[in-house]
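# Inside the fold
Residue-level listing of the chains:
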Amino acid sequence: MPYQEYIPSPKLGHYIDKYWVSKNDNDLTESKILPDGYIDIVFDINEESNNYSDDSIRISGMMTKFRNVISKQNSETFGIRFKAGQFNAISCFPISEIKNKAINASEILPNFNCALLEELIDKKSQSDKIQVIERFLINQLSWSNTNNLIASVCASINTSFQTINMVHIAKQHHISLRQLERRFKVAVGVTMKEYHSIVRFCKTIESISQNPKKSLLLTAFDNGYFDHAHLTKDIYKMAGINPSQI
């Protein structure tokens, strides 16, 4: 299944991590989506414009465990991947309520509707689709809701995930841990502990993929696990597979 990622313009780079496109030119396909630390707005690009369903535009909440998804035959899916903590620039919805869920975008973003989907369908090139999305986002974003605190905290967790110290991170940002935990969950959709687990999981999956001959014990130590048993348990919980299946 062809998959391609695109970098957002500098004006939107603080909010958007990537745009992505997935195409299925074959029969009905089931695939597994793993936690990645992002919230996505997903569009089903179907040239049969009268064939919309309630989830043709949907919001995929922060994931702490894998999800199986079905790709229809001859389908194209376009996604906007928001950086952690930046979705609230487009909506004040309590996103922790959609953790491990996907919901119809119109439930919280009424402007993400069939008119926008039709405009995307009319564009044949991905660059044209991205231009449509970027013009739309620039008009929708509440620039005053730029969350620099949470962006900095997420960056701290990403760089110190092996030996994470939440109290130290709170002190670095001149805020009590209790206040930070509350604000973090509102902005990101998961707790700081859950976000750390997602980051460590992603780093570990990447490490195993790049170094398949490296022992699980060393991989566990390098990624902040107590031992390989904890690593195996974490991967199975979040990916539904054992490390040997990666």
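Read on for an overview of the structure. Residue positions within a chain follow its written sequence, with the count starting from 1. The model is predicted, so local features are restricted to residues of pLDDT at least 70 and side-chain atom pairs to those at 80 or more, both for listing and for counting; the totals for chains, interfaces and linings are taken over all residues. Derived side-chain values reflect all non-hydrogen atoms in the structure, with water molecules and hydrogen atoms excluded from consideration.

Attention now goes to the overall build of the protein chain. Each helix and strand in the protein chain was counted, giving eight helices and eight strands. When we talk radius of gyration, it's over C-alpha atoms, and the globule rule is simply 2.2 Å times the number of residues to the 0.38. Computed over C-alpha atoms, the radius of gyration of the protein chain comes to 19 Å, within 12% of the 18 Å expected from 2.2 N^0.38 for 246 residues, which places it in the range of a compact globule. Only protein chains enter the accessibility calculation, which uses a 1.4 Å probe. A residue is then buried if its area is under 20% of the maximum for its type, exposed if over 50%, and partly exposed in between. By the burial criterion, 43% of the 246 residues in the protein chain qualify as buried. Residue contacts are defined here by distance: any two heavy atoms, one from each residue, within 4.5 Å place the two residues in contact. Within the protein chain, contacts between residues at least 6 apart in sequence are counted, and of these 71% link residues at least 24 apart. Exposure was quantified through the Shrake-Rupley algorithm and a 1.4 Å probe, taking into account, for residues, occlusion by the shown protein chains and nothing else. About 13100 Å² of surface is accessible on the protein chain, with carbon and sulfur atoms providing 49% of the total. The helix and strand labels rest on DSSP assignments: H or I over at least four residues marks a helix, E over at least two residues marks a strand, and numbering proceeds from the N terminus.

Moving on, we get to the sheet that holds strand β7 (residues 75-82). The pairing criterion for strands is at least two bridges between them, as found by DSSP. Spatial strand order, β1-β2-β7-β4-β5-β8: six strands in an open sheet with antiparallel pairing. On the outer flanks of this sheet lie β1 (3-6) and β8 (102-104), each paired with one strand and no other. Here the strands of the sheet are splayed against their neighbours by 25° on average, with no regard to which way each runs. Where strand β2 (residues 16-24) lies against β7, eight bridges are found, and the strand directions are antiparallel. Bridge pairing links W20 to G79 in β7. The axes are straight lines fitted to the C-alpha atoms, using for helices just the contacting stretch, and the angles between their N-to-C directions are given from 0 to 180°. Helix α2 (residues 126-140) rests against β1, β2, β4 (39-45) and β7 of the sheet, and its axis sits at about 40° to β7.

Defined by distance alone, a disulfide is two cysteine sulfur atoms within 2.5 Å. In this structure the tally under the stated criterion is zero disulfides. Here C154 stays free of any disulfide, with the sulfur of C202 as its closest cysteine sulfur at 13 Å. What makes C202 partly exposed here is its relative accessible area of 27%.

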